[in-house]
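# Commentary on secondary and tertiary structure
Take a look at the letters that make up each chain.
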Amino acid sequence: MTQPEISFEFFPPQTLEASFRLWDTVQTLAPLAPRFVSVTYGAGGTTRELTRDAVATLHKSSGLKVAAHLTCVDASRSETLAIADSFAAAGVTDIVALRGDPPKGQERFVPHPDGFAHSVELIAALAETGSFTIRVGAYPDIHPEARHAQADIDWLKAKLDAGADEALTQFFFEAETFLRFRDACAKAGIDKPIVPGILPIENWAGAKKFAKRCGAQVPDWVDQAFDKAIRDNRHDLLATALCTELCSDLIDEGVDKLHFYTLNRPELTRDVCFALGITPKADLQNVA
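Predicted model, so just to flag it, every value in this text is computed and none were measured.

So, on to the overall build of the chain. From N to C terminus, the chain includes 10 helices and 8 strands. The C-alpha atoms of the chain give 18 Å as radius of gyration, which agrees with the globular expectation for 288 residues (19 Å, within 12%). Here the chain, with 288 residues, has 50% of them falling under the buried criterion. A fraction of 81% describes how many contacts in the chain between residues 6 or more apart in sequence connect residues 24 or more apart. Computed over 29 positive and 40 negative side-chain charges, the inter-centroid distance for the chain is 2 Å.

Positive phi, normally seen in glycine, also occurs at Ala33, with a value near 55 degrees. Tracing the chain through its elements places Ala33 in the loop between helix H1 (16-29) and strand S2 (36-39). Overall, Ala33 belongs to the partly exposed group, its relative accessible area being 43%. Positive phi outside glycine occurs at Asn264, with the angle close to 60 degrees.

Turning our eyes to something else, we now look at a negative patch on the surface. Judged by side-chain charge, Glu176, Asp183, Glu245, Asp249, Asp252 and Glu253 come together as a negatively charged surface patch. Broken down by secondary-structure element, the contributors of at least two residues to the negative patch are helix H6 (175-187) and helix H9 (235-252). With 3 residues, H9 is the largest single contributor of residues to the negative patch. With respect to the helices, strands and loops of the structure, Asp252 is situated in helix H9.

The next point concerns the side chain of Thr262. Note that Thr262 resides in the loop between strand S8 (257-261) and helix H10 (267-275). Judged by relative accessible area, which is 2%, Thr262 ranks as buried. Within polar-contact distance, the side chain of Thr262 engages the backbone oxygen of Glu9 at 2.7 Å. Here Thr262 is in contact with Phe8, Glu9, Phe10, Thr25, Leu29 and Thr269, once residues within four sequence places are set aside.

Reading guide: rules and limits
- Residues numbered from 1 in each chain as written.
- Predicted model: local features only at pLDDT ≥ 70, side-chain atom pairs only at ≥ 80, totals over all residues.
- Heavy atoms only, no water.
- Helix = DSSP H or I, 4+ residues; strand = E, 2+ residues; numbered from the N terminus.
- Rg over C-alpha atoms; globule rule 2.2 N^0.38 Å.
- Buried < 20%, exposed > 50% of the residue type's maximum accessible area, 1.4 Å probe, protein only.
- Contact = heavy atoms within 4.5 Å.
- Lys, Arg positive; Asp, Glu negative; His and termini not counted.
- Charge placed at Lys NZ, Arg CZ, Asp CG, Glu CD.
- Patch = residues over 30% accessible without salt bridge, like charges linked within 9 Å, V, L, I, M, F, W, Y side chains within 5 Å.
- Areas by Shrake-Rupley, 256 points an atom, 1.4 Å probe, with all protein chains shown as cover.
- Salt bridge = Lys/Arg side-chain N within 4 Å of Asp/Glu carboxyl O.
- Polar contact = N/O pair within 3.5 Å; in protein donor to acceptor, adjacent residues only side chain to side chain.

Right under this line is the structure:
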């Protein structure tokens, strides 16, 4: 099996315990030599400062290439670009540019009066600086706010045409979901990399909530398999097997990059990588 390049997503810690969990996650996964790691924003931009701190600390102390999430939520254009400038000043030149989720209690995204109206405007502004590698989101299943599947593809093309370099997809449960999406994107003239997002399932109930929120379709057979595995106390075994099979099927179809959503719990991600033949490359000396 051809070994894919990998990357990992973390979220910023909000407590001391969570800080230790993040560093444990980094120590566990850094030896797998990811091409980059990303740090998320909370819903509604709630962890903006924490994200900035986590990105700066990871960049300085881990030896990893770090990509910072940046959204349009609840900030003016000048404030958003000032955050981007602060990343560049810290040596962080990779950004995951997103519209962002609405703040808690708000049903729909409403742009800041002086802010970016949507992600395409943000991407264009970042691209104009010439300072960043820009990654964006993509949706193999229909985004909850999209009218139809083609709208998601058209919007992705607009983001890439605005200056983005690569797309990272929302997670999905069957390889065919991504492969159909990849084919449709190619038909639409998209020729930049589209990297599948992979969610090793630490908690099935939580994964179903995430799926409902982002529009990822849960196949009945997956739901039934986890119900049985939970009853038999084999949840982690099933999660590892299904995630490994999903990744293997993608690799067999020519996928050469995978992006893992770790939820700051590295064990399943590490085990899946090991099963794919991705093993520690070398000790990273500066990991805290």
